[in-house]
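Residues per chain, in single letters:
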Amino acid sequence: MRKMAMILAATLFTLSSVPAFAQTTSDQKDECLLASKNCMNQVDDIRNRIHKLNKEIKKGNRVYSPQELKKLQDKLRETSEILRTLEKPDS
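I will try to describe carefully the structure that is included in this document. Because the structure is a prediction, the values reported are computed rather than measured. (Residues numbered from 1 in each chain as written. Predicted model: local features only at pLDDT ≥ 70, side-chain atom pairs only at ≥ 80, totals over all residues. Heavy atoms only, no water.)

## Quick notes on helix H3 (residues 46–59)
Here comes step 1: Here H3 contains 14 residues, and its C-alpha end-to-end distance of 20 Å stays within 8% of the 20 Å for a straight helix at 1.5 Å per residue.
Here comes step 2: For H3, the set of buried residues is Ile50, Leu53, Glu56, Ile57 and Lys59.
Here comes step 3: Gly60 sits one or two residues past H3 and shows a positive phi near 65 degrees. (Helix = DSSP H or I, 4+ residues; strand = E, 2+ residues; numbered from the N terminus. Expected span 1.5 Å × (residues − 1). Buried < 20%, exposed > 50% of the residue type's maximum accessible area, 1.4 Å probe, protein only.)

## Points about the nonpolar core
Here comes step 1: Core analysis: the biggest nonpolar cluster contains 11 residues, these being Leu33, Leu34, Ile50, Leu53, Ile57, Val63, Tyr64, Leu69, Leu72, Leu76 and Leu83.
Here comes step 2: Those elements giving two or more residues to this core turn out to be helix H2 (31–35), H3 and helix H4 (66–87).
Here comes step 3: When near neighbours in sequence (up to four residues on either side) are disregarded, Leu69 contacts Ile57, Gly60, Asn61 and Tyr64. (Core = buried A, V, L, I, M, F, W, Y, C linked by side-chain atoms within 4.5 Å. Contact = heavy atoms within 4.5 Å.)

## What about the pattern of salt bridges?
Here comes step 1: For the structure shown, the criterion picks out six salt bridges.
Here comes step 2: For Glu56, the salt bridge goes to Lys59, with nearest N and O atoms at 3.1 Å. Remark: Lys59 and Glu56 occur in helix H3; sequence separation between them is three residues, near one turn of the helix. Grouping residues by exposure puts Glu56 and Lys59 together as buried.
Here comes step 3: Members of the salt-bridge network, linked through shared partners, are Lys70, Asp74 and Arg77. (Salt bridge = Lys/Arg side-chain N within 4 Å of Asp/Glu carboxyl O.)

This is the structure in structure tokens:
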């Protein structure tokens, strides 16, 4: 009886934690890049951020509105400028 209760408890615990491990699909918006939402435990370097922004921009109108695409392009331009500034040799 005790063993069955433990198995049931473990099963319920496992099933309740499944949504926490859900991955975003390729047709979903990246709210962290777009509006700085749902960014818990996400720290990207500049090159990684540029890669993510390019990937999201390529999704185009099937995922993002024109205003959201413009916002992502502005963020990409800004991040690229920061990278160029950091890579400049000191004069």
